[in-house]
Each structure stands twice: as C-alpha cells, then as structure tokens.
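Here is what each chain is made of, one letter per residue.
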Amino acid sequence: MPTFTPSPRLLFWGPTLIWASTWHVILYQLAEVPAMNAVAWRFLLASGLLFALAAWRGEASRIAPRWHPWLALTGAVQYGVNYWCVYEAEHHIPSGLVAVLFALMVFGNALTGAWFFGKPITRRFVASAAVGVSGVALIFWPEVLAAGGKPGAALGLGFGLLAVACACTGNALTLKLGERGLALVPTLAWCMGYGAVGLVLASGLQGLGWQVGHSAAWWVSLLYLAAFGSVAAFLMYFKLAQREGPGKAALTGVLTPVLALAVSAALEGWRPTLLSIVGVVLCLGSVYAATRPVPEAAVPR
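Residues numbered from 1 in each chain as written. Predicted model: local features only at pLDDT ≥ 70, side-chain atom pairs only at ≥ 80, totals over all residues. Heavy atoms only, no water.

Peer 1: How should I be thinking about the overall build of the chain in this particular structure?
Peer 2: The secondary structure content of the chain amounts to 13 helices and zero strands. Start at the N end of the chain and walk to the C end: the helices and strands fall as α-α-α-α-α-α-α-α-α-α-α-α-α. By the burial criterion, 48% of the 301 residues in the chain qualify as buried. Taking as baseline every contact in the chain between residues at least 6 positions apart, the subset at least 24 positions apart corresponds to 88%. (Helix = DSSP H or I, 4+ residues; strand = E, 2+ residues; numbered from the N terminus. Buried < 20%, exposed > 50% of the residue type's maximum accessible area, 1.4 Å probe, protein only. Contact = heavy atoms within 4.5 Å.)

Right, dumping it as structure tokens:
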C-alpha cells in the first residue's frame, strides 16, 4: 500500500482545527446524556475505528501481553481520568479557565520531552509559550475573574490541574510505547479501548447506567467526535509529537481556544472584546515565534 507522509504543517493544523470545532460539537452530546457516558461511547467507537484502520493498513492489532498493563495505564490516564477531570472541572469553574489551564500543557510537555526524550528546551520556546498562555488568559479573562466567586472554584482548579497532569503523562507514555516499537494505530486503539471500558465501568458504579442519546444530532456528533476528534486528531497530534517533540505539539492547545471562539462567534453568538483581540494576537504571535525556523547562523556548532 502506498504510504503518505503528511507535512508538519498538516500535522499541526489538522488537530488544532478539529479540536477547535469539538468544543461546540460536545454540546450536542452533553444535552442528552451524562458526560461520563458521552466520553465512554466516544472512545469506544474511536477504538473500534482504529482497530478497523489497523486491519485495513495491514497492521497487526495483537500486542505482546507484557505491554498491556502499560496500554491500560495509558488509556486510563489519557482517555479516562483526563477527560473525566475536564468535565468535573467545568462543573465548578468556567470552561474558559479550563482552556487556560490546558494551555499550560506547553510547559508540561516540554519538560517531559526534555526529561524522557532528550528534546532541548530553548529560551525562545519558553518565552513564546509564556506569551501564548498569557494570550489565552486574556481571551478568557472575564471567566477567569468570575471563577473566584464560585464556591467550588478551588475544587475545580484541582480537577483542571489534575487533567493537565494526566494529559502530559498520557502523552509521554504513548510516545514511550512508540519508542519501544509499538505501532501508533494499534497502540491508540488499545489505549482508547481501555480508557472507554474504564469509563463504562465507572458509569455503572456511579449509578449512571449506560445511557445513549436518541436524536440524529447526538449520533452525528458522536461519530464526528470519534472519527475526527479522536482518531484523526490524535493520530496527527502524536505523529507531530514524534517528529517535533511533545512541547511543540502542545502548542496546538494555545491556538485551539482561539479557533474555538471563531466557531462560537459563528454558531453561538459570541462577540470579541478589545481584551480578547489582544489575547488572540498574542497567541498567534507566540506560535509563530515558537515554530519559525532558526537561521543557520544562529544554530550553535
């Protein structure tokens, strides 16, 4: 089968654009079923699609038993606890503050990339990332201020920070499995499957049952979140992380809120403010500064 090698630009903008749209699409899921059920069905379907993709590509889905504890751990952390914490955080703090917290993944991923994969952290990258996170904070500044008045704000921040830690850990574990020779598609299939099964069991233990939506919008949004928001986006994201390092891949989290606001403006009536415009400019400038090529003369010999 002919192989297609996507460019780094496609690998960056692909997941960024997809995840920007999922912020709105998720609303159709949460309108009909509890969040834990919605996330469980999303990753269960995504896992099945990845197994089918592996079979179509001629990749073996069977992985040696010694790796399955690591696959289960990665799935539980990345696609179970991470997503559960995100939705729990949004019960207590505004979604904008959650977006600001997830922009911090730039630093978490950069650190794990340096510690575990030998990816250097440059001063230019740190400065650019700091500007980008500041831009995200400015965009959602009214929501950030409003969080202080909520009774469960501290709990929400705790859930949000735990979600960020789980996401960074899951990224590192996935990339480590790739270093050990495990193919990306079967790895993600097993990880998402394990994460989904964990959420299904947790739903049962919490008495939520296994609810599904009944409208066409719910089923179409589920298919979109599974096929694009999970399968396509994560495949491109991890391919980018393998090539460029997890820190640069996490820059998608700086631009995703910016593009999500464009979707919100078109579909939900959001209107920009001067502060949010300044934040958008900072985000765009920071990503450009962090990803532009270094001139040859500036590269140390």
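Peer 1: Is there a simple way to explain the nonpolar core in this structure?
Peer 2: A general tendency of soluble globular proteins is for nonpolar side chains to be buried together. By size, the foremost hydrophobic cluster in this structure holds 86 residues, and its most contacted members are Tyr 79 and Phe 234. With 13 residues, helix α10 (residues 216–244) is the largest single contributor of residues to this core. Setting aside residues up to four positions removed in sequence, Tyr 79 forms contacts with Val 39, Phe 43, Thr 74, Leu 188, Cys 191, Met 192, Gly 195, Leu 199, Phe 234 and Phe 238. (Core = buried A, V, L, I, M, F, W, Y, C linked by side-chain atoms within 4.5 Å.)

Peer 1: Which parts of the structure should I look at to understand the side chain of Thr 174?
Peer 2: Along the chain, Thr 174 falls in helix α8 (residues 153–179). Within the structure, the side chain of Thr 174 is placed 2.9 Å from the backbone oxygen of Gly 170, a separation counted as a polar contact. Among residues more than four places away in sequence, those in contact with Thr 174 are Thr 74, Leu 184, Leu 188 and Phe 238. (Polar contact = N/O pair within 3.5 Å; in protein donor to acceptor, adjacent residues only side chain to side chain.)

Peer 1: Explain the side chain of Ser 47 here, please?
Peer 2: Summarising the element assignment, Ser 47 is placed in helix α2 (residues 35–57). You can call Ser 47 buried: its relative accessible area is 5%. Sequence-distant contacts of Ser 47, that is, excluding residues within four places in its chain, are made with Ala 189, Met 192 and Gly 193.

Peer 1: Help me understand the packing of aromatic side chains in this model?
Peer 2: The geometry of an aromatic ring pair is captured by two quantities: the separation of the ring centres and the angle between the planes. Under the defined criterion, the tally for this structure stands at 13 aromatic pairs. Arranged with centres 5.4 Å apart and planes meeting at 90°, the rings of Trp 84 and Phe 159 form a pair that is edge-to-face. With a gap of 75 residues between them, Trp 84 in helix α3 (residues 68–92) and Phe 159 in helix α8 connect regions that are remote in the sequence. The class for Trp 84 is partly exposed, based on a relative accessible area of 29%. Taken together, the ring pairs connect Trp 19, Phe 43, Tyr 79, Tyr 83, Phe 234, Tyr 237 and Phe 238 into an aromatic cluster. (Phe/Tyr/Trp six-rings, centres within 6.5 Å; stacked < 30°, edge-to-face > 60°.)

Take it as geometry only, folks, not as evidence of what the structure does.
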